[in-house]
Amino acid sequence: PPAIRKISEEHDKVFVTGCLEPDTSQPRANAAFVVLARNKELDGVIQSVKSIERHFNRWYHYPYVFLNDAEFNSTFKETITNYTSAPVEFGTIDPKMWGFPDWIDPKVAKEGIAKQGDAAIMYGGMESYHAMCRFYSGFFYKHELLAKYEWYWRLEPEIKYFCDITYDPFLRMIESNKTYGFTIAVKELKETVPNIFRYASAYKRINNLTSQGLWEMFVEPQPEEPKDVPEEDAKQSLPEEILRGDPSRASIPDIDPEAMEGEKYNMCHFWSNFEIARLSWFRSKEYEDFFQMMDRSGGFWMERWGDAPIHSLAAGALLAPRDIHYFRDFGYRHTTIQHCPANAPARQMPRSPFLEVTTKDEKKRKEEDEYWDSWDPVKENGVGCRCR
Ligand code: GDP
Ligand code: MN
């Protein structure tokens, strides 16, 4: 869609186009893989570690940090350590970072979650899933095992990389001053996030943030012009009890529409099961304020807000297209959705629509442009992927 295209128009060049000899000449970045998992997911984690080792980490040896809300058992730890020669650390998550915060009434939250289960909202009835989303939204980067790192690459059980990654994405991101990288953007299930955009939008307005060009990626194009909000209303802040968190609340409160931009969420988000990002962004005051405001609404419990739309909307509010990198050269699959660079018709590697045009061949240029105009990563399902 135009929004994705817009992300990088001038700024976001493909780092490397093609499998080259792995370049390990430069020193490593201060970075680690982060894997949240349960003991019972061992097989899925092995699959993921095997894949990333084969296609990248056997040359680069980046350390792994495994996190779990319960203790990893010795089978898990010993088995995983056997699949990599890189340093591995295992950490348990403090209950303060997992589960209900003390300002929420667990009884109210549990009822809210049960209701979402009854409504057959995906993972809506699973308390642990809510806790996981909240952890990945506002806590993983505060875990003590991550304190020494500046960058992370998120890895999940049961993912697969198809193509060799023969350059260091952390170093490329540092060189080009990027903050957040993704491979897949998809649409969120509406019923999991009924009020998420009201809050994100209010955050933006309350803090007088003007879009740096990325916010538009998440806004549904409106047929009519949004009405102008008078200056006074624009400064209006949220009711105290929303910002404080109200333990007795049985649903997440509606935000005064005047605190919003009058826009609608298009449900688009970066799929966060893959992420390469700069931890200092998550640790910034701006991101923390954003998380606090989202959190205090109760939306992680009374709705089933995912960390993916949270990260994405925070990026929309705080970052610019030039801060984002689209790893279109990474072949990646998570469950049913994949991104495969070889899907580009009649070429091995898709050229970025944002690269300068390198060919003088008008017909070829036109072909490329048409391809990229019609290419929709939101719908892409990888049919005909030629990577392995
Ligand atoms: P999906 O990708 O949205 O279908 O959800 P997953 O089940 O893959 O969960 C996302 C990530 O959180 C994966 O890395 C899981 O291993 C992890 N995860 C989910 N729930 C829990 C949990 O209760 N405890 C722990 N330790 N990890 C979890
Ligand atoms: Mn998953």
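Check the entry above for the structure.
To keep things clear, this report deals only with the structure shown in the data block. (Residues numbered from 1 in each chain as written. Chains lettered and ligands numbered in written order. Predicted model: local features only at pLDDT ≥ 70, side-chain atom pairs only at ≥ 80, totals over all residues. Heavy atoms only, no water.)

**A word on the coordination of the manganese ion (ligand 2)**
Next, step 1: In this structure, Glu-156 (OE) and His-334 (NE2) serve as the protein donors to the manganese ion (ligand 2), at separations of 2.0 to 2.2 Å. Here His-334 lies in strand 11 (residues 332–334) and Glu-156 lies in the loop between strand 4 (151–154) and strand 5 (159–161), a separation of 178 residues in the sequence. Judged on exposure class, the residue Glu-156 and its partner His-334 are both buried. (Donors = N, O, S within 2.8 Å, 3.2 Å for Na, K, Ca; no water. Helix = DSSP H or I, 4+ residues; strand = E, 2+ residues; numbered from the N terminus. Buried < 20%, exposed > 50% of the residue type's maximum accessible area, 1.4 Å probe, protein only.)

**Some remarks on the site of ligand 1**
Next, step 1: In the vicinity of ligand 1 there are 14 residues, among which Leu-36, Glu-41, Asp-69, Tyr-123 and Tyr-129 approach most closely.
Next, step 2: Between Arg-38 and ligand 1, the recorded distance is 3.3 Å, taken from a side-chain N or O atom to a nitrogen atom.
Next, step 3: Measuring from an oxygen atom of ligand 1, one finds a side-chain N or O atom of Glu-156 at 3.1 Å.
Next, step 4: Taking 560 Å² as the accessible area of ligand 1 by itself, protein coverage stands at 87%.
Next, step 5: Of the residues forming the shell around ligand 1, the biggest block, three residues, is contributed by helix 5 (residues 127–138).
Next, step 6: Partitioning the shell around ligand 1 into residue classes produces seven nonpolar, three polar and four charged. (Near = heavy atom within 4 Å. Polar contact = N/O pair within 3.5 Å; in protein donor to acceptor, adjacent residues only side chain to side chain. Areas by Shrake-Rupley, 256 points an atom, 1.4 Å probe, with all protein chains shown as cover. Nonpolar A, V, L, I, M, F, W, Y, C, P; charged D, E, K, R; others polar.)

**Some thoughts on a nonpolar patch on the surface**
Next, step 1: The grouping of Met-122, Tyr-123, Met-126 and Leu-189 at the surface amounts to a nonpolar patch, some 340 Å² of accessible area in total.
Next, step 2: Tracing the backbone shows Leu-189 in the loop between strand 7 (185–187) and helix 7 (196–206).
Next, step 3: Residue Leu-189 is classed as partly exposed on the basis of its relative accessible area, which comes to 33%. (Patch = residues over 30% accessible without salt bridge, like charges linked within 9 Å, V, L, I, M, F, W, Y side chains within 5 Å. Salt bridge = Lys/Arg side-chain N within 4 Å of Asp/Glu carboxyl O.)

**A short note on the packing of helix 5 against helix 13 (residues 307–318)**
Next, step 1: Orientation of helix 5 relative to helix 13, taken along the N-to-C sense of each, is 25 degrees, at an axis distance of 8 Å. In terms of their interaxial angle, helix 5 and helix 13 are classed as roughly parallel. Crossing hand, helix 5 versus helix 13: right-handed. Taken together, the residues of helix 13 that come into contact with helix 5 (itself represented by Met-132, Cys-133, Tyr-136 and Ser-137) are Asp-307, Ile-310 and His-311.
Next, step 2: For the contact of helix 5 with helix 13, a count of residues per class yields four nonpolar, two polar and one charged. (Axes fitted to C-alpha atoms, helices over the stretch in contact; angles between N-to-C directions. Parallel < 35°, antiparallel > 145°, perpendicular 65-115°, else oblique. Left-handed = near helix turned anticlockwise from the far one by under 90°. Contact = heavy atoms within 4.5 Å.)

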